[in-house]
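If you want the building blocks of each chain, they are given just below.
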Amino acid sequence: MKTGIFIVDDHYMVIEGIRSLLQNENDIEWMGHATNAASCLSFLKLQEPDIILMDINLPDMSGIDLCKKVKQLHPSVFVLGLSTFNQQTVIQDMMENGASGYVLKNATKEELLEAISVVLNGKKYFSFETALALRESKQRQPLITRREKEVLQLIAEGLTNGEISEKLFISVPTVNTHRKSLLEKFEVKNTAALIGKAIKSGVL
């Protein structure tokens, strides 16, 4: 039984490069490609590959959003994120939207075949660089409570302590306590630095 592979990427050099890596593999069937989300969804109405290699940057929809849509409409299809981006937030968003793994475009043939094999066995696959980025990011993230995260999100939206107090049904002194705790945990001295560091660490 051959594994059906389909790729979604708007760069033909990438498509041809990956096709050339996989075309001589006896247990892999190259099912074609799409250069945008609309073409991918149209193809899936007719055929379902086993695995879609999906770029993050597409002209009509992000690969992150497309991944979610594909998994909603075709839950049995595995999605492998395929990108030059090695950012923790992008990787995490892709995984939260149903991807089974994440591979960088500089992957070798061996790594790509390993990723396909791992995903087909129902496990998650991360390329070495991707796993490293996730691990380093987790190490940089301070541990905050659910309430602190809610307060942080509202601070980032520009709400005042009074507005946060009303929205979360807590007192202004309690909001102040959470804000002070967040500044300490992120090791910053003001709100702008807090938001910047929270975004950089992937908390926001």
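In the block above lies the structure referred to throughout.
Here is a short report on the structure shown in this document. Please read these numbers as outputs of a predicted model, since none were measured by experiment. (Residues numbered from 1 in each chain as written. Predicted model: local features only at pLDDT ≥ 70, side-chain atom pairs only at ≥ 80, totals over all residues. Heavy atoms only, no water.)

A closer look at the overall build of the protein
Consideration 1: Across its full length, the protein carries ten helices and six strands.
Consideration 2: Against the 2.2 N^0.38 benchmark of 17 Å for 204 residues, the protein shows a C-alpha radius of gyration of 21 Å, more extended than a compact globule.
Consideration 3: In terms of its C-alpha atoms, the protein occupies a principal-axis envelope of roughly 65 × 30 × 30 Å.
Consideration 4: Taking all 204 residues of the protein together, 45% fall into the buried category.
Consideration 5: Contacts in the protein between residues far apart in sequence, at least 24 positions, make up 61% of those at least 6 positions apart.
Consideration 6: When the accessible area of the protein is evaluated, it comes to approximately 11100 Å², of which 52% is carbon and sulfur surface. (Helix = DSSP H or I, 4+ residues; strand = E, 2+ residues; numbered from the N terminus. Rg over C-alpha atoms; globule rule 2.2 N^0.38 Å. Buried < 20%, exposed > 50% of the residue type's maximum accessible area, 1.4 Å probe, protein only. Contact = heavy atoms within 4.5 Å. Areas by Shrake-Rupley, 256 points an atom, 1.4 Å probe, with all protein chains shown as cover.)

Quick word on the environment of E166
Consideration 1: Topologically, E166 is positioned in helix 8 (residues 161-168).
Consideration 2: Residues E166 and G101, 65 residues apart in the sequence, show an inter-C-alpha distance of 41 Å.

Things to note about helix 2 (residues 37-44)
Two residues of an α-helix separated by three or four positions point the same way, owing to the 3.6 residues in each turn.
Consideration 1: Along helix 2, the residues classified as buried are A37, C40, L41, F43 and L44. Mapping the buried residues of helix 2 onto a view down its axis gives an arc of 160°, with all of them on the same face.
Consideration 2: Where helix 2 begins, the side chain of N36 points an oxygen toward the backbone nitrogen of A38, at a separation of 3.3 Å. (Arc of directions from axis to C-beta. Polar contact = N/O pair within 3.5 Å; in protein donor to acceptor, adjacent residues only side chain to side chain.)

Examining the packing of helix 2 against helix 3 (residues 63-73)
Consideration 1: One way to put it is that helix 2 packs onto helix 3 with a least axis distance of 11 Å and a crossing angle of 10°. Here helix 2 is positioned roughly parallel relative to helix 3, judged by the angle of their axes. Two secondary-structure elements touch here, helix 2 through A37, C40, L41 and L44 and helix 3 through L66, K69, V70 and L73.
Consideration 2: Split into classes, the residues belonging to the contact of helix 2 with helix 3 amount to seven nonpolar, no polar and one charged. (Axes fitted to C-alpha atoms, helices over the stretch in contact; angles between N-to-C directions. Parallel < 35°, antiparallel > 145°, perpendicular 65-115°, else oblique. Nonpolar A, V, L, I, M, F, W, Y, C, P; charged D, E, K, R; others polar.)

Section: unusual backbone geometry
Trans peptide bonds make up the majority, and among non-glycine residues the majority have a negative phi.
Consideration 1: Of note in the backbone geometry, F169 takes a positive phi value of approximately 60° without being a glycine.
Consideration 2: Relative to the helices and strands, F169 is located in the loop between helix 8 and helix 9 (172-185).
Consideration 3: We note that E187 has phi near 55°; this positive angle belongs to a residue other than glycine.

Quick look at the sheet that holds strand 4 (residues 78-83)
Consideration 1: The six strands lie next to each other as 2-1-3-4-5-6, forming an open sheet whose pairing is parallel. In this open sheet, the two strands that pair with only one neighbour each are strand 2 (28-34) and strand 6 (125-126).
Consideration 2: Across two bridges, the pairing between strand 5 (residues 101-104) and strand 6 is parallel. By the bridge assignment for strand 6, Y102 is matched with F126. (Pairing = 2+ DSSP bridges.)

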